[in-house]
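Spelled out from the first residue to the last, the chains are:
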Amino acid sequence: MRLHVVTFGCQMSVADGEELASPLKGRGFTAVAEPDAADAIVLNTCTVRQHAEDKALSLIGRLRAWKEERPERVLIVAGCAAERLGPWIQERFPYVDLVVGAKSIEDYPKVVEQALGARFDALAETAAAFPAAAAPDKPTGWQSPHSAFVTIMRGCNYSCSYCIVPAVRGRELYRPYETVMAEARAKVAMGAKEITLLGQTVNSWAADGLKFPDLLRRAGAIEGLERLRFESPHPHFVTDEMIAAMAQTPAVCEQLHLPAQSGSDRLLKLMRRNYDSASFLAKAQRLRAAIPRVEVTTDIIVGFPSETDDDFERTLDLVRALRPSWSYTFKYSPREGTESAGMPDDVPSAVKEERLARLNEVCDALTEEALAKRVTTTVEVLDETGGFGRTRDGFKVSWGGATAGKIVPVRIASTSKRILRGDS
Ligand code: SAH
Ligand code: SF4
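What you see is a predicted model; the values in this text were computed from it and never measured. (Residues numbered from 1 in each chain as written. Chains lettered and ligands numbered in written order. Predicted model: local features only at pLDDT ≥ 70, side-chain atom pairs only at ≥ 80, totals over all residues. Heavy atoms only, no water.)

**Looking at the pairing of strand β14 (residues 295-302)**
Stage number 1. When you tally the buried positions in β14, you get eight out of eight residues, the bulk of the element.
Stage number 2. Residues Glu295, Thr297, Asp299 and Ile301 point to one face of β14 and Val296, Thr298, Ile300 and Val302 to the other, with burial holding for every one of them.
Stage number 3. When strand β13 (residues 255-257) meets β14, the two strands line up parallel, connected through three bridges. From the neighbouring strand, His257 faces β14, where its bridge partner is Thr297.
Stage number 4. Pairing of β14 with strand β15 (residues 326-331) involves six bridges; the strand directions are parallel. In the sheet register, Ile300 faces β15, and the bridge partner there is Thr329. (Buried < 20%, exposed > 50% of the residue type's maximum accessible area, 1.4 Å probe, protein only. Helix = DSSP H or I, 4+ residues; strand = E, 2+ residues; numbered from the N terminus. Pairing = 2+ DSSP bridges.)

**Overview of the side chain of Thr367**
Stage number 1. Relative to the elements of secondary structure, Thr367 occurs in helix α12 (residues 349-374).
Stage number 2. A distance of 2.9 Å separates a polar side-chain atom of Thr367 from the backbone oxygen of Ser325.
Stage number 3. Setting aside anything within four residues of it in sequence, one finds Thr367 in contact with Pro324, Ser325, Trp326 and Arg418. (Polar contact = N/O pair within 3.5 Å; in protein donor to acceptor, adjacent residues only side chain to side chain. Contact = heavy atoms within 4.5 Å.)

**A look at the sheet that holds strand β3 (residues 40-45)**
Stage number 1. Pairing in this open sheet of five strands is parallel, and the strands run β2-β1-β3-β4-β5 from one edge to the other. Two strands lie at the open edges of the sheet, namely β2 (30-31) and β5 (98-101), each paired on one side alone.
Stage number 2. Inspection of the sheet shows strand β4 (residues 74-79) paired to β5 by four bridges, in the parallel sense. If you follow Gly79 over to β5, its bridge partner there is Gly101.
Stage number 3. Helix α4 (residues 108-127) rests against β1 (2-7), β3, β4 and β5 of the sheet, and its axis sits at about 155° to β4. (Axes fitted to C-alpha atoms, helices over the stretch in contact; angles between N-to-C directions.)

**Description of the pattern of salt bridges**
Stage number 1. Counted under the stated rule, the structure contains 43 salt bridges.
Stage number 2. With a shortest N-O distance of 3.6 Å, Glu18 and Lys187 are connected by a salt bridge. Taken as a pair, Glu18 in helix α1 (residues 11-26) and Lys187 in helix α6 (residues 177-189) lie far apart in primary sequence, 169 residues in all.
Stage number 3. Overall, the relative accessible area of 23% leaves Glu18 in the partly exposed class.
Stage number 4. Accessibility expressed as a relative area gives 16% for Lys187, which makes it buried.
Stage number 5. In this structure, Arg154 engages Glu19 in a salt bridge whose closest nitrogen and oxygen atoms are separated by 2.6 Å. Of this pair, Arg154 sits in strand β7 (residues 153-154) while Glu19 sits in helix α1, placing them 135 residues apart in sequence.
Stage number 6. Relative accessible area serves as the criterion here: at 8%, Arg154 is assigned to the buried category.
Stage number 7. Linked through salt bridges whose partners overlap, the residues forming this network are Glu194, Arg227, Arg229, Glu380, Glu384 and Arg390. (Salt bridge = Lys/Arg side-chain N within 4 Å of Asp/Glu carboxyl O.)

**Observations regarding α6**
Stage number 1. The terminal C-alpha atoms of α6 lie 18 Å apart, and with 13 residues this matches the ideal 18 Å at 1.5 Å per residue to within 8%.
Stage number 2. When we look at burial in α6, the residues that qualify are Tyr177, Val180, Met181, Ala184, Lys187 and Val188. Angularly, the buried residues of α6 cover 130° about the axis, an arc narrow enough to put them on a single face.
Stage number 3. Backbone geometry just downstream of α6 places Gly191 in the positive-phi region, at approximately 115°. (Expected span 1.5 Å × (residues − 1). Arc of directions from axis to C-beta.)

**A short note on the sheet that holds strand β6 (residues 147-151)**
Stage number 1. Taken in spatial order, the three strands line up as β6-β9-β12 in an open sheet, and their pairing is parallel. At either end of the open sheet lies a strand with only one pairing partner, and these are β6 and β12 (227-231). Averaged over neighbouring strand pairs, the angle between their axes works out to 25° when direction is ignored.
Stage number 2. Two strands pair when backbone bridges link them, and β6 and strand β9 (residues 194-198) are joined in this way by five bridges, in the parallel orientation. Paired with Val150 across the strands is Leu197, a residue of β9.

**Things to note about the site of ligand 2**
Stage number 1. Surrounding ligand 2, one finds Cys156, Tyr158, Cys160, Tyr162, Cys163, Val165, Pro166, Gln200, Thr201, His234 and Arg273.
Stage number 2. In terms of residue class, the shell around ligand 2 is built from seven nonpolar, three polar and one charged. (Near = heavy atom within 4 Å. Nonpolar A, V, L, I, M, F, W, Y, C, P; charged D, E, K, R; others polar.)

**Remarks on the site of ligand 1**
Stage number 1. Ligand 1 sits among 15 residues. The nearest are Arg49, Gln200, Gln261, Asp299 and Ser333.
Stage number 2. Take Ser333: an N or O atom from its main chain is 2.7 Å from a nitrogen atom of ligand 1.
Stage number 3. Surface burial for ligand 1 is 90%, taken as the share of its 540 Å² of free accessible area covered by protein chains.
Stage number 4. Among the residues making up the shell around ligand 1, the classes are represented as six nonpolar, four polar and five charged. (Areas by Shrake-Rupley, 256 points an atom, 1.4 Å probe, with all protein chains shown as cover.)

**Here's the deal with the domain arrangement of the protein chain**
Stage number 1. Here the protein chain is described as being made up of domain 1 (2-127), domain 2 (147-372) and domain 3 (378-422).
Stage number 2. Computed from C-alpha coordinates alone, the two centres of domain 2 and domain 3 are separated by 24 Å.
Stage number 3. Facing 22 residues of domain 2, the contacting portion of domain 3 comprises 15 residues.
Stage number 4. In this assembly, domain 2 packs against domain 3 so that about 1,600 Å² is buried in total across both faces, 52% of it on carbon and sulfur atoms.
Stage number 5. At the junction of domain 2 and domain 3, the tally comes to six salt bridges.
Stage number 6. Between Glu368 and Arg418 there is a salt bridge whose closest N-O contact spans 4.0 Å.
Stage number 7. Mapped by element, the contributors of at least two residues to the side of domain 2 that touches domain 3 are β12 and α12.
Stage number 8. The leading source of residues in the side of domain 2 that touches domain 3 is α12, at six residues.
Stage number 9. Split by residue class, the side of domain 2 that touches domain 3 holds eight nonpolar, four polar and ten charged. (Domains from an automatic or database assignment. Buried area = accessible area lost by both parts, 1.4 Å probe.)

This is the structure we're talking about:
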């Protein structure tokens, strides 16, 4: 039997995709890249912005034909939008076999078995009559075995006023130290050179008398692990202790995601981010003092309720001062049930567009500058898929290599589409 996994959203969601696949793999499913070749589809949804949710819903709509073609096929809809809209999805798309929300991921294998176990037995018999058009291809939803994710916490205890994550993922839950280490060691033993520790506020992790900086030091010492990353940290927990652990642990990569959201102190307050622009920038400065080669990336929202031209200028100032090597920029999207959804969404759409374009211009120029600095230098790349990988400081590199799983030096000849292009 063949399984296709589609994932929308953040890296947490991608890691969840692997967990969502696992009980089906245990049932004998193998991965295929094309839905048409699949006997089952797991659709892992995101709801952080309306656009992400709409994309998932429209795909569910399009999968009606896929189901009608062979009604014994299995369609599972999971993740954050499934948490938010579960009963509505079931009613609106009655051909979906199972809707399971992001909060239920710990119980998911049991839920799948109970709801669909008998169906899988029947499907196994008919699937043989529908041989795959093509051999199993590079699967989506599974990661490169050389760069693995390890989820260390779930949920979020913050209440950023714009954000639906705490509502759909629940309160913070930390995985025990030994469980995290055992999973990381197992992935390294299976060939991972790089581990990314994952959580919505990954650096708030604390368990068994240890805090996140301790975990960085200990995971960084795993024999055979070359690179350690983590995603996505909350600025509040970017402490001097954490910075010291990063600087003193050779495996920890010289890259930090520091989501700013805004540069206006008035808006940061309304967003309930628990920092102001000065303390945020001071943290970035301490990080750079401790790790001079570090590259910083960020997230910015434009058009939050009541954002003025002046607030927006403060955001541009912050970005210019932070100098992120990469920025994820978003137009504010009101999410039902969040605090800011109760504020008037009063920045006109055209103004949001215009601010986003201006912000992107500044962010893109900083990215181009960082990329250009690497041209004619030799960078260290973990070859993830044979000629494609990333540097320690987070730049994507493409070259004519065939050294998957190896860390290799690559001389950079040029850049295009925000990717470093190697000589050979
Ligand atoms: N846990 C992560 C981020 C989760 S959401 C963190 O705290 O950094 C990823 C990003 O989506 C956020 O950093 C924010 O920039 C953006 N985002 C979240 N809610 C949004 C909304 N309602 N509208 C627009 N962007 C949003
Ligand atoms: Fe959302 Fe804020 Fe939690 Fe990040 S820290 S997931 S932005 S509520």
